[in-house]
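# Tertiary structure, described
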Amino acid sequence: MALDFDDVLESVGSYGSYQRWLIGAVFVPISFFAAVTMNLMLFQVVEPDHWCYVPEPTNTTLTKEEWKALTIPRNLESNTYHKCAMYGVEWSDNNHTTYAITNETRECSSGWEHDASQFSATVATSFGWVCERARYSHHVLSVTMAGNTVGTFFLPLIADKYLGRKKVFFLSLAIHVVFTISYIWVSHIGLHLALRFFQGLSFETYYLMPYIIVLEMIPPEKRAVATMYSFVSWTLGMCFTALVAWLLPQWQYLAFLSCVPSIVGFLYWRYLPESPRWLLSKGQLQQCSDILMEVARVNGTTKVSGQHLESDLRDLMLTQPQAVPLTHACAYPKLRLRAVLLFIMAYCMFVVYGVLMLGINVMPSNYFLSHFILSASELPSNVLGWLITHYLGRRFMCFITYLLAAVFAVVATYCVHDEWLLMSVVAMVKLLATQGLYVVFLMASEIFPTPIRTSGYGITIVFGMLAMVVSPYILHSTFGPAFQYWVMVVLSLVSLLASIFLPETLGLPLPQTFQEAEDLGAGRPFTAWVHHWNQHKYPPHASSRPNACCPEELDELTTKKL
């Protein structure tokens, strides 16, 4: 009898050709295009430089720039044209040939003009969401993230309890396509925001479902590198988005383009497997066995037979809690505490990351270059994240990352008046914030047991999406340019404190039951630095094995199965 699912997986090949194909041909492309899909939204809501439109006199010799200088007041502090005011223009005839300009400033009465050197059209310029309506663009970002929050909460729950990871993935693709195509034609603010909310339901789930499937089909020592592949492809997708937006600086085209990966994603219907761990937890032994036999065939494993495999799965099924609600985790004090700490860390790091991701405005003289630099700065964090977590451990990764993030955020407060210096420091903070999210994502997949892994992971991200809802308002606050960086300092230190109480999961198998999750990290005290070279001294605790779960739980589960 196999001791746990990882032993079954090892018997068919835990990291062979099948898993490498799944990562390279499915997981990495989906991560890449998920990043493109989500980041294209940022360029749709950019608010370019704008000023009041003042009708020009007929038969004039003035250039547009000269007329602008005559009719638009300047801001004395920044020496820039006012965005929302104009001088009064009195016309002496109906032909607009004779005029007088007064010193009285007025609100824009004939609409606005905008700087089209970077964008031919954005949502703000198309619908007139500027000046007193500029908050609408911020609302678009916040409402989309609110939809993302709701979707990331409910869709993983549906995946865990009813449909599985695969079906919910394709459901999220359909949601994105339907509501994206819908909002392109809608200018009414209420309806537009409603459609943006429903479109946002799919964002994180689009990425999350393949991620969970992959992590549930690879051995413990490969989880960190798989997460690195995901983050690298996501970062490359963000960099690619800057190029796409530069080539197509028109928001409707960008919205249409964001649907293409989702439509193409339906081609994976025949090739993306359901998670065999989820099938086992639902008692679907035949489907689970069929997938594992396919894994064995592709990996060239010939020693395993379908009969023995089903026998092992049937034995394992007796230890799998079925139809267990997420709230059941509250009965386990350590698991409950770890979940809360992960939620706090996710919230803090997503606030930091959200403000930095929206920091496309850090260098408004070139939005595309700004986005590319801030995106490319994440690439080293992906490799560093894997190296540190794989060799030095998850807890060490948390400590060094959150501490340095706080330090560089403090430095940023002294660089707010130097565009290029600020860009360099902010790039370092974004690198560290990405590392901080890397370890949160990795530990969320390792701490929750299989029956609630997707929903637990999803709720971790839900707290992150709640943070993204407030990020636009922190970025555009009225407390001065350094305010956002002081917020980052506080949140980084909070994450550091929260990470102290999480277990070191380096090299441990994924918990299959609640009791395994409760015992995770037993025998690895905080005072012990567990790393790649000494992890053999801290093996999985005996009680974390399925055949050592508490007698009451095993008796109850056996009765349910029989």
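Located above this text is the structure these notes cover.
The paragraphs below set out a description of the structure included in this document.

Analysis parameters
Residues numbered from 1 in each chain as written. Predicted model: local features only at pLDDT ≥ 70, side-chain atom pairs only at ≥ 80, totals over all residues. Heavy atoms only, no water. Disulfide = S-S within 2.5 Å. Helix = DSSP H or I, 4+ residues; strand = E, 2+ residues; numbered from the N terminus. Buried < 20%, exposed > 50% of the residue type's maximum accessible area, 1.4 Å probe, protein only. Polar contact = N/O pair within 3.5 Å; in protein donor to acceptor, adjacent residues only side chain to side chain. Contact = heavy atoms within 4.5 Å. Salt bridge = Lys/Arg side-chain N within 4 Å of Asp/Glu carboxyl O. Core = buried A, V, L, I, M, F, W, Y, C linked by side-chain atoms within 4.5 Å. Phe/Tyr/Trp six-rings, centres within 6.5 Å; stacked < 30°, edge-to-face > 60°.

## Here's the deal with the state of the cysteines
Across all of its chains, the model carries two disulfides by this definition. Across the disulfide, C84 is cross-linked to C131 (sulfur-sulfur distance 2.1 Å). The disulfide joining C84 to C131 has a torsion of about -105 degrees about its S-S bond and is therefore left-handed. Here the residue C84 occupies a position in the loop between β3 (80–81) and β4 (85–91), and C131 occupies one in the loop between α4 (123–127) and α5 (135–183), the gap between them amounting to 47 residues. You can call C84 partly exposed: its relative accessible area is 27%. Counting only the cysteines that form disulfides, in the order they appear in the chain, gives the pairing 1-3, 2-4. Of all cysteine sulfurs, the one in C398 lies closest to C348, which takes part in no disulfide; the gap is 12 Å.

## Looking at the side chain of T180
Mapping T180 onto the fold places it in helix α5. Engagement of the side chain of T180 in a polar contact is seen with the backbone oxygen of H176, the distance being 2.7 Å. There is a polar contact of 3.1 Å between the side chain of T180 and the side chain of Q199. Ignoring any residue separated from it by four or fewer positions in sequence, one finds T180 in contact with Q199, A255, S258 and C259.

## Concerning the pattern of salt bridges
Under the counting rule described, the total for this entry stands at nine salt bridges. Notably, a salt bridge pairs D49 with K83, separated by 2.9 Å at the nearest N-O pair. In this pair, D49 is assigned in the loop between α2 (17–44) and β1 (50–52) and K83 in the loop between β3 and β4, connecting sequence segments 34 residues apart. Overall, D49 belongs to the partly exposed group, its relative accessible area being 35%. We classify K83 as partly exposed; its relative accessible area is 35%. With a closest N to O distance of 3.1 Å, K64 and E56 form a salt bridge. Since its relative accessible area comes to 28%, E56 is described here as partly exposed. The network of salt bridges with shared partners includes D160, R165 and E216.

## Here we look at the nonpolar core
Membership of the largest hydrophobic core comes to 140 residues, with the highest contact counts inside it found for L292 and L313. Of the residues forming this core, the biggest block, 16 residues, is contributed by helix α13 (residues 333–357). Formed by 11 residues, the second largest nonpolar core is a distinct cluster that contains L40, V46, F119 and F368.

## Considering the packing of aromatic side chains
The geometry of an aromatic ring pair comes down to the distance between the two centres and the angle between the two planes. Tallying each qualifying case throughout the model produces 29 aromatic pairs. Between Y207 and Y211, the aromatic rings sit 5.7 Å apart at their centres with planes inclined by 25 degrees, giving stacked as the arrangement. A residue pair is termed a helical-turn pair when its members lie 3 or 4 positions apart in one helix, as Y207 and Y211 do in helix α7 (residues 203–215) at four residues. We note that Y207, like Y211, is buried. With centroids separated by 4.7 Å and ring planes inclined at 5 degrees, the aromatic side chains of F343 and F463 adopt a geometry described as stacked. On the criterion of sequence distance, the pair formed by F343 in helix α13 and F463 in helix α18 (residues 453–475) is long-range, its members being 120 residues apart. An aromatic cluster is defined as three or more aromatic residues linked by ring pairs; in this entry it consists of F169, F170, Y206, F266 and W269.

That's the geometry; what it means functionally is another story.
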